[in-house]
Amino acid sequence: MARPKVYVCRPLPEKAMALLRERTEMRLWEQHHLPPPREVLLREVADIDGLLSLLTDRIDGELLDRAPRLRVVSNYAVGYDNIDVPAATARGVVVTHTPGVLTETVADFAMALILAAARRLVEADRYTRAGRWRSWEPMLFLGQDVHGATLGLVGLGRIGSAVARRAKGFAMRILYYDVVRRADLEAELGLEYRPLEEVLREADFVSIHTPLTPETRHLIGREQLRMMKPTAVLVNTARGPIVDTRALAEALRERWIWGAALDVFEQEPVEPDHPLLVLDNVIVAPHIASASTETRTQMALMAAENLLAVLEGRRPPNPVNPEVLERARQQP
């Protein structure tokens, strides 16, 4: 029996690659650093049964129409804003993702960014490497305390609540805003629900953990940044377009807020001439919040299992559009 044909959009940890090589006829875009160009992806999907995509790959109606045999798109990410899910559903294509497995790792990184921004760690590192350190100074790189400060969480899903648990260890007061109020977590962790405007006005550190939707695009813009304390720090490990980064650059340059730390940007990679990159009071990272060896391996194995499950007639562990599966099950 012929093995299903799949296309993988980037090399992944070897455990997952070995699994796919064993059970599929796999083709791979072999460049680590760059995604397959659009014209390559449109060509490669013509005869495949399954696609293992990344956030850098746009899966839309045009691509789906080029892939008449396609049964599943397995996204190597928690988010799936790179995929037109209604278009996939209309064509009977199952979409899957990799939730849960990266929660704790991303929460670790968000907390690391809070600490690094508060204590100006990156600035101090650059200063030391440049040979500028001459003596211990009482006023050198004064930062903000994290212990006992107020943390404002914008979004209280898996990752937001994991950050809250870490913040409790720093005796932080924790406010949150979410479209769904979580009375259970309020009781468990001592969280305080507030409207977004109050979270922004009261928090010393604002950490973003919402998905990217039409409603959350530029949720944090010029008006919202103006609400924040002049001593506040903004952290984003969610999705870049949630923050208007041009407005953020203005806020940091004009000192409306004290600092920021970003792992994600509206355009990735960030443009080399972006105004944020010349500022000392922002930390910029290349979308690495989930980048631990163990977590990235588990993500890859989950993405591979999602893909194989559909191709082998099983229910995938993490479907985004389960109605496609139900529809197929009910067909005679």
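Before any of the text, the structure's been laid out above.
Described in the following lines is the structure provided in the data block. The structure displayed is predicted, hence computed values, not measured ones.

1. Observations concerning the packing of aromatic side chains
- Considering all chains together, one arrives at two aromatic pairs under this definition.
- Taking 5.0 Å as the distance between ring centres and 85 degrees as the angle between the ring planes, the aromatic pair formed by Tyr127 and Phe141 counts as edge-to-face. With Tyr127 in helix α6 (residues 121–129) and Phe141 in the loop between α6 and β6 (150–154), this pair connects stretches of sequence that are 14 residues apart. Taken as a pair, Tyr127 and Phe141 share a single burial class, namely buried.
- Between Tyr176 and Tyr193, the aromatic rings sit 5.4 Å apart at their centres with planes inclined by 70 degrees, giving edge-to-face as the arrangement. On the criterion of sequence distance, the pair formed by Tyr176 in strand β7 (residues 173–177) and Tyr193 in strand β8 (residues 192–193) is long-range, its members being 17 residues apart.
- The ring of Trp256 carries Arg226 above its face, with NZ or CZ at 3.8 Å from the centroid.

2. Examining the sheet that holds β7
- One open sheet accounts for seven strands, arranged β8-β7-β6-β9-β10-β11-β12; its pairing is parallel. A single partner strand is all that each edge strand has here, and the edge strands are β8 and β12 (282–284).
- Of the pairings in the sheet, the one linking β7 to β8 comprises two bridges and is parallel in character. Each residue of the ladder has a partner; that of Tyr176, found in β8, is Tyr193.
- Relative to β6, helix α7 (residues 158–168) is tilted by about 170 degrees, and along the sheet it contacts β6 and β7.
- Against the sheet, helix α11 (residues 245–253) makes contact with β10 (233–236), β11 (259–262) and β12, and its axis sits at roughly 145 degrees relative to β11, the strand it touches most.

3. Topic: helix α5 (residues 103–118)
- For α5, spanning 16 residues, the distance from its first C-alpha to its last is 23 Å, which sits close to the expected 22 Å at 1.5 Å a residue.
- Within α5, 12 of the 16 residues are buried, leaving the element largely enclosed by the surrounding structure.
- Considered for burial, the residues of α5 that qualify are Thr103, Thr105, Val106, Ala107, Phe109, Ala110, Met111, Leu113, Ile114, Ala116, Ala117 and Ala118.
- The positive-phi residue at the C-terminal boundary of α5 is Arg120, with phi of around 55 degrees.

Rules and cut-offs
- Residues numbered from 1 in each chain as written.
- Predicted model: local features only at pLDDT ≥ 70, side-chain atom pairs only at ≥ 80, totals over all residues.
- Heavy atoms only, no water.
- Phe/Tyr/Trp six-rings, centres within 6.5 Å; stacked < 30°, edge-to-face > 60°.
- Helix = DSSP H or I, 4+ residues; strand = E, 2+ residues; numbered from the N terminus.
- Buried < 20%, exposed > 50% of the residue type's maximum accessible area, 1.4 Å probe, protein only.
- Lys NZ or Arg CZ within 6 Å of the ring centre and 35° of its normal.
- Pairing = 2+ DSSP bridges.
- Contact = heavy atoms within 4.5 Å.
- Axes fitted to C-alpha atoms, helices over the stretch in contact; angles between N-to-C directions.
- Expected span 1.5 Å × (residues − 1).

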